[in-house]
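Chain by chain, the residues:
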Amino acid sequence: MTSFNRSTSRRLKKLTQIPSVWEGDRRPLSSPNQQSDSEAKGECILWVDYSQGVVRGMDVVASDIGPEAIVRTLMQAMEHPQSPARPARPQRIVVKDREIQFYLRGVLQDLDIAIDYAPELPLIDELFRGFADILDSQTPDLPPQYAQILREKAFAIWQAAPWEFLEEQQILSIEINKWDVGTLYASVMGMLGMEYGILFYRSEESLKQFRATVLTNEESTEHLEEAFLKQDCLFLTFESVDETDEDDDEEDDLADLPLSEIDPTFGNIHPLEGLRSVLYDEEALVILVAIESLSRFIRDHRRQLHEDIFPTLSRRYRISLPQSEESTKSVAVTVSTMPQLASELEEMAGFGIDDQEIDNQDFQSLRDDLIPEDSFLSLGVVSWEMLDSLRKGVSHHQASEIKQVGDGLPVILIQTSRPKAKTVIERIEAAGGLRAICFNPGADPFDGDRYDLGLLQTQNGELFLFGEFLDEDPIHVEARKKWNQRCKNTKGYCGLIIAKGLTGASRGNPQLRDMMALFEGRSLSPKNLGIGTLQLMPQLKFE
């Protein structure tokens, strides 16, 4: 048995011994009327001075912590008691657990404290009854009859991962027409890789108003918080079970965690209520129906929703309701995409290129003779500090006025040999410079493969292929997600870096001294480019 160090015993014996009786016990933090697992909440250790009627020490520990915890709390009760008590040691201690009694007798044998057993501890029993009453009066986060099924549906959404192909402005309407709810407008969060979840707005007006306020006050924390609390929506968000990793590296993503470490949270936001992480019965049914219908819609239209152009889709479902006091057994729900609203929100945010910058009549064919075949290619980002150095250091620079938002400027890096790099730079400058960078869908009708084609558009309207990426390549999919989000942050601005050193020590990782040119342009969506899916023709490249 572990015992005090002699120095600790001497220190405790110096405390004034007062003629009082202390009660001590350790009990689960739960109420008999609660169905939740008490082990998840831990146990409460209490030490009270029965003679004076005050709590001297209290702590909450995990259920699997050993008996040492009750001694640690007792030491606090003696040396650092809660106010108004003063440091002291008692003459007598009473407990109602025989194991605790025998354990304390061994540990405290040098402190001249009597350790007795009693079947009841009046003061502690009264305190724990009060705790139980408080727990019973608390409203659970979810109605108990819907809690399990809601979590199951939430995990189904997590595994479907709609944020991999749906952007926040690509809104889905969910027409329910029950429980005083007409249509919900679902906005999927997560493509940024920072916060995952779905906001179910109760009105299109609330959604637009929030977006407009955020765009107007994106640098004001106070106004952003106010705008957040003025939303009118239900929400489902996902967090890590262990929230202690706030300082983890930026690359660590919630999406990389196993399902067992993901925790869904439900709630409500309303201008008059603020944020509430509690759902009541009708709200629970509404969000249950919304999540289930959304899951089915994603399952049925996953391929179409992966397209770069947000499609027009609609489907009706009948959703069964869990057994409850309601007589209704099912609800008919219609889920639809809202391409027009998505375009309005994109225009509101200033995504894409101005109409005068797009001249599709210039497009005749796609050329692949600009970028050398053996070039090293990557999609990445240049920090704002690095961008300043790059602008000053390269021999060729085409500048833009870029607002510094996010972690830096998204760039396409092309590394080749010095002579070939000079040729690429000269040809781009001869074409008037870089206008835009675009990723456009491509297809091979012979083997059925689908591609994401990287295109450069010069100021004279010519299009040059710089990369062909399989749609199903997970590395490229992840790189494109980051590219899209960074371009949103910069309001569509991006860059092209031409570097030398392909055969040297800096191959694949060119340094500032290797970078010969920086062309700054705009990110162009396939919709704005307007050339549709490019088909691979026999003996020809994509045209």
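Computed from a predicted structure; not experimentally measured.

Novice: Please explain the overall build of the protein as it appears in this structure.
Specialist: Each helix and strand in the protein was counted, giving 14 helices and 23 strands. With an accessible surface of roughly 28100 Å², the protein has 46% of that area assigned to carbon and sulfur atoms.

Novice: What exactly am I supposed to notice about a nonpolar patch on the surface here?
Specialist: Nonpolar side chains collect at one region of the surface, where Phe228, Leu229 and Leu275 lie side by side and expose about 230 Å² of accessible area between them. The topology assignment puts Leu229 in helix α8 (residues 221-229).

Novice: What am I meant to see in the side chain of His476 here?
Specialist: Relative to the helices and strands, His476 resides in helix α13 (residues 474-489). At 2.8 Å, the side chain of His476 and the side chain of Asp452 are in polar contact. Setting aside anything within four residues of it in sequence, one finds His476 in contact with Leu379, Phe439, Asp452, Phe469 and Leu470.

Novice: Quick question: what am I supposed to make of the sheet that holds strand β11 (residues 274-276) here?
Specialist: What links the strands of a sheet is backbone hydrogen bonding, and the strands pair in either a parallel or an antiparallel sense. Taken in spatial order, the 8 strands of this open sheet run β11-β10-β9-β8-β7-β6-β13-β12, and their pairing is antiparallel. Only two strands of the sheet have a single neighbouring strand rather than two, namely β11 and β12 (314-320). Taken pair by pair, the neighbouring strands of this sheet meet at an average axis angle of 25°, ignoring direction. Here strand β7 (residues 181-189) pairs with strand β8 (residues 196-201) via 5 bridges, running antiparallel. Note on β8: the bridge partner recorded for Met189 is Gly197. Relative to strand β10 (residues 262-270), helix α6 (residues 144-160) is tilted by about 105°, and along the sheet it contacts β8, β9 (233-240) and β10. Strand contacts of helix α9 (residues 281-305): β6 (172-178), β7, β8, β9, β10, β11, β12 and β13 (330-337), with the helix running at about 140° to β12, the strand carrying the most contacts.

Novice: Help me understand the pattern of salt bridges in this model?
Specialist: By the definition in use, this model includes 27 salt bridges. Of the charged contacts in the structure, one is a salt bridge between Arg26 and Glu43, with a shortest N-O distance of 2.6 Å. Within this pair, whereas Arg26 is found in strand β1 (residues 17-28), its partner Glu43 is found in strand β2 (residues 43-49), the two being separated by 17 residues in sequence. Across this residue pair, the class does not change: Arg26 and Glu43 are buried. Notably, a salt bridge pairs Asp407 with Arg486, separated by 3.2 Å at the nearest N-O pair. Taken as a pair, Asp407 in the loop between β16 (396-398) and β17 (409-415) and Arg486 in helix α13 lie far apart in primary sequence, 79 residues in all. On the basis of relative accessibility, which here comes to 35%, the residue Asp407 falls in the partly exposed class. In this structure Arg486 comes out as buried when scored by relative accessible area, which is 15%. Overlapping salt bridges bring together Arg367, Asp369, Arg427 and Glu462 as one network.

The rules behind these values
Residues numbered from 1 in each chain as written. Predicted model: local features only at pLDDT ≥ 70, side-chain atom pairs only at ≥ 80, totals over all residues. Heavy atoms only, no water. Helix = DSSP H or I, 4+ residues; strand = E, 2+ residues; numbered from the N terminus. Areas by Shrake-Rupley, 256 points an atom, 1.4 Å probe, with all protein chains shown as cover. Patch = residues over 30% accessible without salt bridge, like charges linked within 9 Å, V, L, I, M, F, W, Y side chains within 5 Å. Salt bridge = Lys/Arg side-chain N within 4 Å of Asp/Glu carboxyl O. Polar contact = N/O pair within 3.5 Å; in protein donor to acceptor, adjacent residues only side chain to side chain. Contact = heavy atoms within 4.5 Å. Pairing = 2+ DSSP bridges. Axes fitted to C-alpha atoms, helices over the stretch in contact; angles between N-to-C directions. Buried < 20%, exposed > 50% of the residue type's maximum accessible area, 1.4 Å probe, protein only.

Any functional reading would require information beyond the geometric quantities listed.
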